[in-house]
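# Report on the structure
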Amino acid sequence: MRCLLASAGGLLLREAGMLLRRRSCSAPLLLLGVAVCLFYQTLMVARNRLRSGQQQHAADIRSRRPADEVLMEETRRFINTLETVQAQVRSQPSPLRLRAVVLMGRHLVSDPEVQLYQRVLQQLDYEVQMSRYTETSSFLRSNQGVTGWSLLLCLSSSERSCLRRISFYHLQSHQMVNLLPGLMEAFSDAGGGLCHFYSHSHLTGSELPMRPFSCGLTNQKLQGVPPPALVAVVNVYVLVTSVNPLISFLHDISVVTTNQEQRGRARKLRDFLLQQLGTNTSHEALGQVKKVIGEVLQAAVSTTQRQQTLHRCVLCYQLLTFSLLFSGSVTPVVVQVETDLTLSALSDETFDRQITKDLILEDTLRFLLSSHTHLSSHTDGRQYGGCRGTHCLSEDEFLLLLQFQRQMKTPSAFQLLSPSSSSSSSSSSSAPLSVADLVIRISHYYELQTNCSHRTDETEELTNQGSAQSSSQDEGVCLDPHLRQIYTDPPLTLTPPFSPWVKEYHAEVAFDLVTVRIRPEPVRPNCRVHLDEHRGPRMANYPVGLGDSRISILVTDDTEQEPVIMTIYTVHMYRESRPSLPMFGEHVMCSFVQDCGLLVQPGLSCGLQPFIKSHASLHTCSSGHQPGRWVVPCLSCSDNRTCDWREVAWQPDGCYHPLVDRPLLQHCMRDRKVLFIGDSTNRGMMYFLMERVNVSLEDWGKAHDTLVYRNLNGNRTQVSYSYYPQFWLEKKKRPTFRQALLQLIDRSRPLVNSNLTVLVVGGVQWLNTDHLRTIREVLNRVSLSDVLVVVKSLGMGFHLPVDGIRSLSPREIQDLYRENLNIIVTAKHHGYEVIDTFSITMGRYKEFLQGRCACHFHQVDKFWSSRLPENMTSTTTRTRTGPGLSIKSAVHDMDQETWPKPSSYHVRGPVNQVYSEILLSRLCPRNT
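Here goes a summary of the coordinates provided. Everything quoted here is computed from the prediction, not taken from an experiment.

### Details of the overall build of the protein
- The secondary structure content of the protein amounts to 23 helices and 31 strands.
- A burial count over the protein gives 53% of its 928 residues as buried.
- Sequence separation of 24 or more characterises 75% of the internal contacts of the protein that already satisfy a separation of 6 or more.
- Looking at the protein as shown, the accessible area adds up to about 42600 Å², and 50% of this sits on carbon and sulfur atoms.

### Focus on the pattern of salt bridges
- This structure, assessed with the given rule, holds 27 salt bridges.
- Its salt-bridge partner being Glu833, residue Arg922 comes within 3.1 Å of it at the nearest N-O pair. Of the two residues, Arg922 is situated in helix 23 (residues 910-923) and Glu833 in strand 29 (residues 833-835); the sequence distance between them amounts to 89 residues. With respect to burial, Arg922 and Glu833 carry one shared label: buried.
- A salt bridge links Arg844 to Glu847; the nearest nitrogen and oxygen atoms lie 2.7 Å apart. Assigned by exposure class, Arg844 and Glu847 land together as buried.
- Linked through salt bridges whose partners overlap, the residues forming this network are Arg119, Glu362, Arg366 and Arg484.

### Considering the sheet that holds strand 17 (residues 564-575)
- If you walk across this open sheet you meet the four strands as 12-17-16-14, and the pairing is mixed. Each edge of the open sheet is held by one strand with a lone partner, namely strand 12 (504-509) and strand 14 (528-531). This sheet shows a mean twist of 25 degrees between the axes of neighbouring strands, independent of strand direction.
- Strand direction decides the pairing type here: strand 16 (residues 547-557) and strand 17, joined by 11 bridges, are antiparallel.

### Some points on the nonpolar core
- Counting 98 residues, the largest nonpolar core has Phe676, Ile775 and Val791 as the members making the most contacts within it.
- Excluding anything up to four places from it in sequence, Ile775 contacts Phe737, Leu741, Leu759, Val761, Val789 and Tyr832.

### Re unusual backbone geometry
- In this chain, Ser418 is followed by Pro419 through a cis amide linkage whose omega measures 0 degrees.
- The linkage connecting Asp489 with the following residue, Pro490, adopts the cis geometry, with an omega of 0 degrees.
- Of note, Pro490 is situated in the loop between strand 11 (483-489) and strand 12.
- Of note, the phi angle at Asp532 is positive, near 75 degrees, even though the residue is not glycine.
- Look at Asp532 and you get partly exposed, because its relative accessible area is 37%.

### Side note on the environment of Asn640
- You can see Asn640 is positioned in the loop between strand 21 (628-634) and strand 22 (649-652).
- Under the relative-accessibility criterion, Asn640 is labelled partly exposed at 38%.
- Setting aside residues no more than four positions away along its own chain, Asn640 makes contact with Arg578, Pro579, Leu608 and Trp645.

### With respect to the packing of aromatic side chains
- For the structure on display, the rule yields 15 aromatic pairs.
- Between Phe367 and Phe414, the aromatic rings sit 5.1 Å apart at their centres with planes inclined by 35 degrees, giving tilted as the arrangement. Of this pair, Phe367 sits in helix 12 (residues 352-369) while Phe414 sits in strand 10 (residues 414-418), placing them 47 residues apart in sequence.
- Under the relative-accessibility criterion, Phe367 is labelled buried at 2%.
- When the centroid spacing of 5.0 Å and the interplanar angle of 75 degrees are considered together, the rings of Tyr724 and Trp766 count as edge-to-face. You can see Tyr724 sitting in the loop between strand 26 (717-723) and helix 19 (737-748) and its partner Trp766 sitting in the loop between strand 27 (757-762) and helix 20 (769-781), a full 42 residues away along the chain.
- Residue Trp766 is classed as buried on the basis of its relative accessible area of 15%.
- An aromatic cluster of three or more residues is present, and its members are Phe249, Phe367, Phe404 and Phe414.
- The ring of Phe511 has Arg575 sitting right over it, with the charged end atom 4.9 Å from the ring centre.
- In this arrangement the basic side chain of Arg806 is found over the ring face of Phe798, its NZ or CZ atom lying 4.6 Å from the centre.

### Re the packing of helix 10 (residues 269-277) against helix 11 (residues 279-302)
- Where helix 10 contacts helix 11, the axes come no closer than 8 Å and their chain directions differ by 135 degrees. Taken together, the axis directions place helix 10 and helix 11 in an arrangement best described as oblique. Crossing of helix 10 over helix 11 shows right-handed handedness. Contacts from Leu269, Arg270, Leu273, Leu274 and Leu277 of helix 10 reach helix 11 at Thr279, Thr281, Ser282, Ala285, Leu286 and Val289.
- Of the residues that constitute the contact of helix 10 with helix 11, the class distribution is seven nonpolar, three polar and one charged.

### Digging into the environment of Asp352
- Among the secondary structure elements, Asp352 is positioned in helix 12.
- Its relative accessible area of 27% is what places Asp352 among the partly exposed residues.
- Once residues within four sequence positions are removed from consideration, Asp352 is found in contact with Leu346, Ser347 and Arg519.
- A distance of 3.0 Å separates a polar atom in the side chain of Asp352 from a polar atom in the side chain of Thr350.

### Section: the state of the cysteines
- Tallied over the full model, the rule gives nine disulfides.
- Sulfur-sulfur distance for the disulfide between Cys634 and Cys643 comes to 1.9 Å. The sign of the S-S torsion, about 95 degrees, decides the handedness of the disulfide formed by Cys634 and Cys643: right-handed.
- Two residues share a disulfide in this structure: Cys668 and Cys924, whose sulfurs sit 1.9 Å from each other. Residues Cys668 and Cys924 are joined through a disulfide that is left-handed, its torsion about the S-S bond being -85 degrees. Note that Cys668 is positioned in helix 17 (residues 662-668) and Cys924 in the segment after helix 23, a separation of 256 residues in sequence. An identical accessibility class is assigned to Cys668 and Cys924; each is buried.

### Things to note about the sheet that holds strand 13 (residues 515-522)
- The strand order across the open sheet formed by three strands is 11-13-15, and the pairing between neighbours is antiparallel. The open sheet terminates on both sides in strands that have one partner only, identified here as strand 11 and strand 15 (540-543). Sheet twist, expressed as the mean angle between neighbouring strand axes with direction ignored, is 30 degrees.
- The pairing of strand 13 with strand 15 spans four bridges and is antiparallel. Along strand 15, the bridge assignment pairs Arg517 with Asn541.
- Packed on one face of the sheet, helix 12 meets strand 11 and strand 13 and runs near 140 degrees to strand 11.

### Remarks on helix 23
- Between its terminal C-alpha atoms helix 23 stretches 20 Å, which fits the 20 Å expected from 14 residues at 1.5 Å a residue.
- Counting buried positions over the 14 residues of helix 23 gives 13, a clear majority of the element.

### Focus: the side chain of Arg692
- Within the secondary structure, Arg692 sits in helix 18 (residues 680-694).
- A distance of 2.6 Å separates a polar atom in the side chain of Arg692 from the backbone oxygen of Val660.

### Things to note about the packing of helix 5 (residues 112-123) against helix 12
- Where helix 5 meets helix 12, the closest approach of the two axes is 10 Å, and the angle between their N-to-C directions is 25 degrees. Comparing their axes, helix 12 and helix 5 come out roughly parallel. Crossing handedness for the pair helix 5 and helix 12: right-handed. On helix 12, the residues that touch Pro112, Glu113, Leu116, Tyr117, Arg119, Val120, Leu121 and Gln123 of helix 5 are Gln354, Lys357, Asp358, Leu361, Glu362, Leu365, Arg366 and Leu369.
- By residue class, the composition of the contact of helix 5 with helix 12 is eight nonpolar, two polar and six charged.

Cut-off values and rules
- Residues numbered from 1 in each chain as written.
- Predicted model: local features only at pLDDT ≥ 70, side-chain atom pairs only at ≥ 80, totals over all residues.
- Heavy atoms only, no water.
- Helix = DSSP H or I, 4+ residues; strand = E, 2+ residues; numbered from the N terminus.
- Buried < 20%, exposed > 50% of the residue type's maximum accessible area, 1.4 Å probe, protein only.
- Contact = heavy atoms within 4.5 Å.
- Areas by Shrake-Rupley, 256 points an atom, 1.4 Å probe, with all protein chains shown as cover.
- Salt bridge = Lys/Arg side-chain N within 4 Å of Asp/Glu carboxyl O.
- Pairing = 2+ DSSP bridges.
- Axes fitted to C-alpha atoms, helices over the stretch in contact; angles between N-to-C directions.
- Core = buried A, V, L, I, M, F, W, Y, C linked by side-chain atoms within 4.5 Å.
- Phe/Tyr/Trp six-rings, centres within 6.5 Å; stacked < 30°, edge-to-face > 60°.
- Lys NZ or Arg CZ within 6 Å of the ring centre and 35° of its normal.
- Parallel < 35°, antiparallel > 145°, perpendicular 65-115°, else oblique.
- Left-handed = near helix turned anticlockwise from the far one by under 90°.
- Nonpolar A, V, L, I, M, F, W, Y, C, P; charged D, E, K, R; others polar.
- Polar contact = N/O pair within 3.5 Å; in protein donor to acceptor, adjacent residues only side chain to side chain.
- Disulfide = S-S within 2.5 Å.
- Expected span 1.5 Å × (residues − 1).

This is the structure we're talking about:
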């Protein structure tokens, strides 16, 4: 519908009012109609004044205000009318709730991008519907893909589904989609697309600032760092909100790749140009960036004119990536255009790619939706305007103007790109103003306001240097200590879904997930994030042990010398045990020595192999380092998912280790003193022994010094412990192994020179043959040469790439295996007992528990009631390690009324339990 401007304002208003009343429209619609026609009238008058003013006498001109000032005043009046209308529309309740449909495609619900959309939309009062594709969305099918929703977001992997199934021609005016079909077609490889308008520009004699390989089927992806001759490749991100007229915005974040840097960096475009070119030249370069992009966009839009009638989408938008090449000139050239956000130059390992993408997407949503006026509930599809004839704006055009005015007024990370400041009206003095003319006038109005504001700010800065200085000092203070997102690789499904206001989360992960990389991102850059401690890293790789793990995220203010903790977020992770299939029928026995995921002995087979049970009678093992393998019942040895992993057992070759019943153990340990020296894995064996001897474990701690327990086994058994090596101390201040051993002996006295004194030494990977020679020398020196020495050999650990600690390559782990063999041979030479924990742990290296070294196969839990731990309530008596039998503590003869006592502890961990029981069988052989 067009509107014929009346010669008199009164006639216009009366006509508009009568027509709107006939349509039974609300008060806001009456104002809308009046505003449209008033705007035309005042702007046409202003333009006529401008032309007639040129023919006036000089004196008359001096007596008048400048024409642009008159135009600015009239534009301001119209904008005030728009804002009044918007305020009245928003004040009226809408019968329909805002609803957004997010089509995820191949994305998971746990992906940060999907979570971002859900969080931001919910904050903007949208009801969010999640689906895969348009074909599988029950909501879109039930509403024929047209009604019932306000916003449709098609993620990258669902774009084809949207373009194929969504009828853009039938969309309602208020509906928004994150695709502009015509623009996507123009920049696509198929059907001419970019090549078409690029070649067309050469036919018409115009020269587009583009490289030939940026278009069509010859489109080449930019990879790596630019050649040395180049200065920089800059990816900039353009938001197009309208094709006809062309309206686009430039985000202030860019990704810069120079020939001096290995990876791209996310930087503000203005800052980069200022640093490279200086104040004056950078301003010119920024203008050239806008000019170049504007020319390419305009050329692309020119090819989509015929599609405009086919794709009616007033509020649809498109995010584009322009790759610009700067090479010795302030004018860049376009080398690639993509119809999506492309941040491949940024590192994916540090989450910079995802963080930057989320930032731009969130800015886009807030920029568009915060300025979105939802008029559908008031219009019922009727057109705006109250005039008849040929000079009136349609509903679509007015809604577009309304949206554009709000976007220009909304502070954001976007700056106007098209129309540019050099754009001028295409209408003649007598022709009616087009919607493109109105867009230009609104943009000029806000641009002039912005320039005046900048000049005022500069003046105030010069006159108030003191206050500006103090305010700049406050910029570093953390005033909003919240997280914007918690990024993880792989993505964790947090419960509840992430929100800056929720401080505690839970996540469950599968057995095969052994590490997670995490990087929390604060809302404000003034705040800092540290993991686990106030000076911890902002990003880290964490090992995920079986069962419960916890990651603490500290949001701090680092402006002081010592970081001040403002907020603490906590992520509790639970890693599932190995999937197990209980045995209900026939099964076969399978065995394995090493996991195929980590070949410690390349010459041996890995994974499950058929286990042939020996029919010969087994004898008691004569040593604790007898070679062996793990045995487990399965339906098939070719699929470890068919095994009952609850029944996995360690089977030495040709023998077995008998389990020591509690009466025999207590009798055997009477009047004995057991000295442990080593790291936390050795301490795990000690606490297991204490619990087995004393029925319950009433004292426990992660001690890193010397401990002495004298009240075990009715005060008849003593256990002492010394932590070695004390790696956290400076190298010069660390006690040597000799010093630590002597101190442990002194703290444990009096000692007898017989097997009533037992020394257990070992750890994960620090032990070597030199330590064994030191043991012999020290024991001879203190007259304890006849004590029983048990060497706990090396074990699996440090095999995961965890930040903050050393990690071993597969080759180094293979070297460690050979070192372990040397330790066993040397220990036997000295007459020491050996528990070969390396062979036992290497096949089950994924089954570690808490600890950053991924080397702990035990964990101590606290119990506050008299309930027995689950793995100690079995009524089955298992007396030895053998085919299909799991090692379990012989608790059937415990006095369950006295164990565990209130506030007691329990050592759990089946792998630790195996080699700890082997230790007990070596301390208390059956013949004693």
